[in-house]
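# Notes for the structure review
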Amino acid sequence: MNRVPGMSDLDKLFKPQSIAVVGASNNHDKVGYHLIYALRKYPGKLYPINPKEGEIQGRKAYPSLQDVGEPIDMVALCIPARACLGAIEDAAEVGVGVIFITGGGFAEADQQGQSLQDEIVDACRRNNIRLLGPNTAGFFNPRLGVMANFAPLVSFFPAGDIAVVSQSGSMSIILGTVLQTNRLGVSIGVGVGNSPDISVSEILEYLANHEETKAIAVYLEGVVDGRRLFDAITKTTKKKPVVVFTVGRADIGEFASSHTGALMGSFALKIAALKQAGAVVVSSSNDLIDAAHILSKVRLAPNKNPGVGMLSGQAGPALVMTDYLRGLSVHIPKLEKDAISDISKALPVKTFIQNPVDTARPLHHIFEKVFSTIIEDKNIDLILTYALHEPMCVEPVKLYQAMQRKHSKPMVFVTNGAPEDINPTLRDLESMDVPAFCSPERGALAVWALVEDARVRYRKERDLIPDKIVSISQTLSQSPDEAEAKKLLSKLDIAVPQHRVCQSHQEVFTAFSELQKPCVVKVLSSSISHKTEVGGVHLHIEDEAALKVALDQIDSIEVSRDTEYLLEEEADPGLEIIIGAKNDASFGPTVLLGMGGTTAEAMEDIAIRLAPLTVNDGLDMISELKVSTLFDNWRGGPQYDKQAVARALVTIGSFISLHPEIMEIDLNPVRVYESGCVVLDALVLLM
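Residues numbered from 1 in each chain as written. Predicted model: local features only at pLDDT ≥ 70, side-chain atom pairs only at ≥ 80, totals over all residues. Heavy atoms only, no water.

## Some points on the overall build of the protein
Counted only if it meets this: Secondary structure follows DSSP: runs of H or I at least 4 residues long count as helices, runs of E at least 2 residues long count as strands, and numbering of each begins at the N terminus. Categorising residues by exposure relies on relative accessible area from a 1.4 Å probe, with only protein chains included: less than 20% of the type maximum marks a residue as buried, more than 50% marks it as exposed, and the intermediate range marks it as partly exposed. Contact criterion: two residues are considered in contact whenever any of their non-hydrogen atoms come within 4.5 Å of each other. When charges are counted, neither His nor the chain ends are considered; positive counts come from Lys and Arg and negative counts from Asp and Glu. A charged residue contributes its charge at one atom only: NZ of Lys, CZ of Arg, CG of Asp or CD of Glu.
Within the protein one finds 23 helices and 28 strands. Summarising its shape, the C-alpha atoms of the protein cover approximately 95 × 80 × 40 Å along the three principal directions. Counting the 687 residues in the protein, one finds 56% classified as buried. Contacts spanning at least 24 positions in sequence make up 71% of the contacts within the protein whose residues lie at least 6 apart. Between the mean site of the 65 positive side-chain charges and the mean site of the 85 negative ones, the protein shows a separation of 8 Å.

Okay, here's the thing in C-alpha cells:
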C-alpha cells in the first residue's frame, strides 16, 4: 500500500490520499450519490465502485475494488448491511486500511443486526482494517477537502479550529451547521455511529495531538466503556479543552438493591465522570458551540476560583450576566479600593463601580480608562465587556487593540445591534482572538465555560492508592454480614461503634452488661440487606427488659441460617450522611456522598466521583451537596469534620478500586461529629 511513513490509523481515516465509494450511484435517491457529491472537491483520488455504471457524476466508475488497480486508503460502504461482509473481504485483498459504513440495520436495530455487526467487526480485525460506524453519516475534514459524509451540506462547512465528535452522525452535521452560523469553522467533524471499533475515546486521543484543533466539542448519548472515555478526556484536557453535551437526564437506569445503587443513576454518574476527567459539561447544542468557541480562542491556567471583572455600557445586560454567572458560582470579586477610587473619578456618581462596573454609556476614552483599571486589578483573571453597538461611545476593535498591547489577561466582548452593523466588528475581534458574542446570556455562558475549564483542571490532580490499603487488601469470596463489614472498616481506619456478635440470648445479655448504654441490637444476616424494613433494628436499649423484647422480635424474622445478633453501643447524635461505592459496568469503581437515611434519595442530593480520588475530591463532593451548609455551624450548630468525611471517601474509593469482585458498598448512615465520623450500618455486596 502507498502509505505515508508514520501514518496513524486515524490519519488513514481523516487524511486519506485515495477513497473508494462502494455503492456509488447516479440515482439522487441513493446514499452513494450524495457521498460522491459531497466529495466532489476532494483533491485526492476518488474511485466510484458500481458494476452497473461506467461513469458516475462525471467520474470513471469501476466494477469492483480489484478493478481500480491503484492503492486505496479508505473505502466507504454505501450498500445494504448484508453485502458489507463481502465488501470487507474485497477491501482486504487490495490492502485497504480503513472502512466506514454508512448504512443501518446493525446493533441499533435488533439481535440479528447485532450478530451481523459482530461478524463485520471480526472480519475487520482479522484483516487489520479499522472501522468507522456502522450506522454513521461519516466525517468531514474541510481543510483537506475530505467531506466523506452523505449530507451534501457538509461540503460548504468552512475550515476552522474546533473539532466535532459525536455519537450521532446527524448531530455531527447539526453541530457543524451551528458552527457555520456563528462564523466558525471545523477542523475535523465525525459521527462514530455504533462504534464497535473506532470510538469517541480514540478520536479524542487523536485530536489531542491534532495541530489544527484548538478545542473539541463532543456530543454523547450512551457510554459503553466509561473508564476508557474518562482516561481519554483526562489525557486530552491536559493539552486542549474538551466540552461535552450529553443527553439522558431522564434516565435513572436500573436500581440496585441498596440506596447507593439507586442513587448512582447512569446520567448522574456520567456527568460526574466527565467533570472529574476535566471536561466542561453543558446542557444544549448551542451552549456546546459557544463554550468550544471561547475555549478555542483563550484558556485560563488551572485555577480554583478565577475572578471575573465585568464592564458594561448599560446596566440591564450587566445584571443579566451577573445573575447568570453568580448562579453558576462564578467568582465576581469586589475591586480593590484603589481601583474603585480611580474609576469613581471617571464615572458619574450614580453608577455602580464595585464589580460589575456600569459606565452609563460613556465616551470611548472613558470606557478605555475604566477597562484598563479593572483588568489591572490583582483579583481579576479575565474581563467580560458588554456594550450596545454605538461607535460614538465604544469602539471595541480599537479598544481591544490598545488593551492587547498592554495586558495578557483574557478579554471577552458581548454586544447587540443590527446584524449588518455588528458582524464586521465581531469578525475583526475574532481575527484578534477576542471571543465575541451577541447576547448577554451567550456571553455569560462562554465566560462560565472558560472559568469552569480552569476549575475542573485545578481539581484533576490525583493521588495513588495509600500503601496501607493495598497491604490489607484481600479478595472477598462471599458478601460479609454487617459485623464482618465493620471489622473490615476498622482495618481501614474507619471508625465503627463498639460492638459484640452473639449467637444466643445469654451471650447478648453478657455483652450488654459490658457495653455502654444505651445500646442497639440488630439481626445479623448477610441475606438481609435492609434490616430496618423487617424489624431487625432496635434502638435506645437502656435495660434488660427492653433488650428481651427486642430479641424476641428479632427471633420472629425468617433468616437463611440460625439467628445471630449484633449488639453495639448507640452512637451520640450528629450529622448523618451516606457514603457509597459501586463497581459500575461502564465507569468502573465509583464513590457517592449524600445525606443519610432516605433523605439523599428523596432530595436527589448527591455527589459522585470515579475512584480512586483525593481528599480534595472528597471536600469538593461535600461542597456540591445542596445541604452542604449543614456542615458549617448551621444555626449555631457544630462545625462538622469535613476532613474526616473526605478521608473516608478516599479510603472507600481506594478499597473498591482494588476489589473488582465487590458490586457495592453502602455505609448508611455515617454519623459525623466535630471530630471524626462513625459508620453505624455497613453493607458490602459482591458480584
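## Section: the side chain of Asn149
As a reminder of what qualifies: Pairs of N or O atoms within 3.5 Å make up the polar contacts considered here, provided that, within protein, one atom can donate a hydrogen while the other can accept it, and that residues adjacent in sequence are counted only when both atoms are side-chain atoms.
Along the chain, the position of Asn149 falls in the loop between strand E8 (139–140) and strand E9 (159–166). A distance of 3.4 Å separates a polar side-chain atom of Asn149 from the backbone oxygen of Ala137. Setting aside its immediate chain neighbours within four residues, Asn149 contacts His34, Leu35, Ala38, Ala137, Gly138, Phe139, Phe140, Val154 and Ile173.

## Structural notes on the environment of Phe139
Inspection of the secondary structure puts Phe139 in strand E8. Sequence-wise, Phe139 and Ser344 are 205 residues apart; in three dimensions their C-alpha atoms are separated by 55 Å. Ignoring sequence-local partners within four residues, the contact set of Phe139 consists of Leu13, Phe14, Met74, Phe100, Leu132, Val146, Met147, Ala148, Asn149, Gly189 and Val190.

## Some words on the packing of helix H7 (residues 226–236) against helix H9 (residues 266–277)
Applicable threshold: Axis lines are fitted through C-alpha atoms, for helices just across the contact stretch, and the angle between N-to-C directions can take any value from 0 to 180 degrees. Each angle is binned into one of four classes, with values under 35 degrees roughly parallel, values over 145 roughly antiparallel, values of 65 to 115 roughly perpendicular, and all other values oblique. Crossing handedness is defined as follows: a turn of the near helix away from the far one that is anticlockwise and smaller than a right angle gives a left-handed crossing, while the clockwise case is right-handed.
One way to put it is that H7 packs onto H9 with a least axis distance of 8 Å and a crossing angle of 30°. Classified by the angle between their axes, H7 and H9 sit roughly parallel to one another. You can see that H7 and H9 cross each other, and the crossing is right-handed. When H7 is examined against H9, the residues Leu229, Phe230, Ile233 and Thr234 are found in contact with a partner set consisting of Ala273, Leu274, Gln276 and Ala277.

## Brief notes about the pairing of strand E12 (residues 242–246)
Quick note on the threshold: One bridge is not enough; two strands pair if DSSP finds at least two bridges between them.
Counting buried positions over the five residues of E12 gives five, a clear majority of the element. Burial along E12 is two-sided: the face carrying Val242, Val244 and Thr246 and the face carrying Val243 and Phe245 are both buried. Examined bridge by bridge, strand E11 (residues 215–220) and E12 share five bridges and lie parallel to one another. Pairing of Ala217 across the sheet is with Val243, part of E12. Taken together, the three bridges between E12 and strand E13 (residues 280–282) define a ladder with parallel strand orientation. Residue pairing in the sheet places Phe245 in a bridge with Val282 of E13.

## Re the pattern of salt bridges
Note the threshold: By definition, a salt bridge exists where a carboxyl oxygen of Asp or Glu is found within 4 Å of a side-chain nitrogen of Lys or Arg.
Considering all chains together, one arrives at 28 salt bridges under this definition. One salt bridge connects Arg455 with Glu452, and the closest N-O pair in it is separated by 3.1 Å. One end of the pair is Arg455 and the other is Glu452, both in helix H16 (residues 440–458) and three residues apart, which spans about a single turn. Relative accessible area serves as the criterion here: at 8%, Arg455 is assigned to the buried category. Among the charged side chains, a network of salt bridges with common partners joins Glu482, Lys486, Lys522, Lys531, Glu568 and Asp681.

## Focus: the environment of Tyr206
Tracing the backbone through its elements, the reader meets Tyr206 in helix H6 (residues 200–207). Residues Tyr206 and Ser8, spaced 198 residues apart in sequence, show a C-alpha to C-alpha distance of 9.0 Å. Aside from chain neighbours lying at most four places away, what touches Tyr206 is Ser8, Leu10, Asp11, Phe14, Lys15 and Ile188.

## Considering the side chain of Thr385
Positionally, Thr385 belongs in strand E16 (residues 382–386). A relative accessible area of 0% means that Thr385 is categorised as buried. Polar contacts involving the side chain of Thr385 include one to the side chain of Tyr400, which spans 3.3 Å. Thr385 has contacts with Leu311, Phe367, Phe371, Tyr400, Val412, Phe413 and Val414, leaving out every residue within four places of it along the chain.

## A short note on the sheet that holds strand E2 (residues 45–49)
Across the sheet, five strands lie side by side as E2-E1-E5-E6-E7; this open sheet has parallel pairing. With one partner strand each, in any of the chains shown, E2 and strand E7 (130–132) form the two edges of the open sheet. Direction aside, neighbouring strands of the sheet carry axes that sit 20° apart on average. As defined by bridge partners, strand E1 (residues 18–22) adjoins E2 across five bridges and the pair is classed as parallel. Within E2, the residue paired with Ser18 across the bridge is Lys45.

## Details of the packing of aromatic side chains
The geometry of an aromatic ring pair comes down to the distance between the two centres and the angle between the two planes. Cut-off, in case you're wondering: Two rings from Phe, Tyr or Trp (for Trp, the six-membered ring) form a pair when their centres sit within 6.5 Å of each other. Planes less than 30 degrees apart are called stacked, planes more than 60 degrees apart edge-to-face, and all others tilted. Whether a charge sits over a ring depends on NZ of Lys or CZ of Arg being within 6 Å of the ring centre and within 35 degrees of the ring normal.
Considering all chains together, one arrives at nine aromatic pairs under this definition. Plain terms: the ring middles of Phe371 and Tyr400 are 5.6 Å apart, the flat faces sit at 90° to each other, and that makes the pair edge-to-face. In this pair, Phe371 sits in helix H13 (residues 364–376) while Tyr400 sits in helix H14 (residues 396–406), placing the two residues 29 residues apart along the sequence. We classify Tyr400 as buried; its relative accessible area is 0%. Ring pairs connect the aromatic residues Phe14, Phe100, Phe139 and Tyr206, which therefore count as one cluster. The ring centre of Phe230 lies 5.6 Å from the NZ or CZ of Arg227, which sits over that ring. Lying over the aromatic face of Phe512, Lys517 brings its terminal NZ or CZ to 4.6 Å of the ring centre.

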